[in-house]
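# Observations on the three-dimensional arrangement
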Amino acid sequence: MSYRRGVEDLVKVLVMTCSSRLWRVLGGVPMLILIGCGNGVSPGSRQNASPLSTAEAEATPDLETDLRTLYNCESGATIWASYPNQDTAIVEYQGETLQLTRAVSGSGARYVNPQWVWWTKGTGAGASGTLARHRGEEQPEDPLERCAEGAKESRQPPVPRGAETLASRSLDSRLINPVESVGPITRGTSEQDLIDWFGVENVTSVQLEVGEGQRVSGTRLFAGRLDELEIEWKGDRRSPKRMTIRTPGSSWRTHSGLKIRDSLEDVTLTNGRPFNLTGLGWDYPGRTLGWNGGTLPPELQLEFRATQQIPAQQMLMGEGPYSSSHPSFQNMGLVIETIYIRWD
């Protein structure tokens with residue numbers, strides 16, 4: 001009995017001083033196999049990472065992967081955000097899901113990726129969130145949305161932007177994300193992929209007009225139908241270079257809702273500010289030349305046509321650039337005639 005009591009006393013001491021242990025019972029006698037004694041912190045734990053300052057810790061949103069937080073923005077837009085861990089924010093905005101990583105900030109919690117910045121200050125009701133374009137660490141950020149925290153709801157964390165596979169993208173999709181996809185088509189899609197997906201009868205090799213009387217070899221998907229899509233290729237038809245949509249009534253539309261026959265005003269509202277256009281009366285009439293730091297990406301290019309006549313002397317001609325806010329454009333009833341997605 002004294003032997004057993006002595007072993008048990010020793011075990012109690014070791015339990016109090018060691019953080020990792022394994023018990024086994026052999027022959028009715030408790031035996032202790034000591035795996036390791038130390039501070040109890042695993043190599044991958046937060047202790048080995050840079051600790052957050054008190055201010056950062058207080059500003060860090062709740063880390064609850066099964067909840068997302070609504071932010072109501074001054075523009076009328078809404079943003080949903082969730083925080084699966086201390087260093088990651090997943091932000092849902094205008095149909096896109098953005099994954100951002102925690103970065104250094106003077107105050108609040110700041111998350112970035114190459115295109116976006118999400119910056120929150122405070123926690124709970126009344127906390128703020130700002131979404132901005134990321135222009136590099138040396139450049140001032142351009143706030144796009146200023147928002148206040150609202151309700152929370154239960155949900156599974158969304159799939160990060162760009163993480164979807166073909167299995168999760170519908171071949172019937174006509175949604176355009178100008179940066180990375182046109183329906184199921186991505187930057188890595190080949191002409192053979194289109195044949196495999198849609199059948200050879202829906203994929204036609206043609207010569208495409210590209211302006212100034214020039215033609216290039218390309219592909220028409222759904223030729224002669226409302227959802228016709230023209231594709232120019234890089235190299236040996238293994239990667240799209242430019243895609244063109246021009247059929248009225250087409251189902252194709254951008255993730256922000258723009259489609260053929262939308263007005264100049266619709267585009268300006270979506271972009272959040274005026275943008276630049278070429279003039280009319282030449283080979284590239286009414287074509288966008290840049291979005292002036294608005295919300296629309298450079299991969300998206302539009303071409304407009306006039307639906308109303310104005311005196312010739314008031315018409316803007318030639319290369320430009322001209323602001324979309326110019327009175328001449330405003331009086332011409334410009335609508336989208338062609339949508340280009342440029343990955344060149």
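As recorded in an unreviewed UniProt entry, the protein goes by the name MliC family protein, listed as coming from Lyngbya confervoides BDU141951.

### A look at the nonpolar core
In terms of nonpolar packing, the biggest core is built from 35 residues, with Leu229, Val267, Leu302 and Phe304 touching the most fellow members. Those residues in contact with Leu302, other than ones at most four positions away along the chain, are Leu258, Val267, Gly286, Arg287, Thr288, Trp291, Ile336, Thr338 and Ile339. Core analysis: the next-biggest nonpolar cluster, separate from the first, contains 17 residues, Ile79, Ala81, Leu98 and Leu131 among them.

### As for the pattern of salt bridges
Tallied over the full model, the rule gives 12 salt bridges. Asp227 is the salt-bridge partner of Arg174, the closest N and O atoms lying 3.2 Å from each other. With a gap of 53 residues between them, Arg174 in the loop between β10 (142-154) and β11 (175-177) and Asp227 in the loop between β15 (214-221) and β16 (229-234) connect regions that are remote in the sequence. One salt bridge connects Arg215 with Glu209, and the closest N-O pair in it is separated by 3.0 Å. Through salt bridges that share partners, Arg220, Glu228, Glu230 and Arg246 make up one connected network.

### A look at the sheet that holds β16
The six strands lie next to each other as β14-β15-β16-β17-β23-β21, forming an open sheet whose pairing is antiparallel. Of all the strands in the sheet, the pair left with one neighbour each is β14 (203-211) and β21 (300-305). If you compare each strand with its neighbour and ignore which way they point, the axes differ by 30° on average. This element, helix α3 (residues 191-198), spans β14, β15 and β16 of the sheet and lies at about 130° to β14.

### Focus: helix α4 (residues 264-271)
Of all the residues in α4, the buried ones are Leu264, Val267, Thr270 and Asn271. Projection of α4 onto a plane perpendicular to its axis shows the buried side chains occupying an angular sector of 130°, all on one side. For α4, the exposed residues set more than 90 degrees away from the buried face come down to Glu265 and Leu269. Buried residues along α4 sit against β19 (276-277), β21, α5 (327-330) and β23 (335-342).

What counts as what
Residues numbered from 1 in each chain as written. Predicted model: local features only at pLDDT ≥ 70, side-chain atom pairs only at ≥ 80, totals over all residues. Heavy atoms only, no water. Core = buried A, V, L, I, M, F, W, Y, C linked by side-chain atoms within 4.5 Å. Buried < 20%, exposed > 50% of the residue type's maximum accessible area, 1.4 Å probe, protein only. Contact = heavy atoms within 4.5 Å. Salt bridge = Lys/Arg side-chain N within 4 Å of Asp/Glu carboxyl O. Helix = DSSP H or I, 4+ residues; strand = E, 2+ residues; numbered from the N terminus. Pairing = 2+ DSSP bridges. Axes fitted to C-alpha atoms, helices over the stretch in contact; angles between N-to-C directions. Arc of directions from axis to C-beta.

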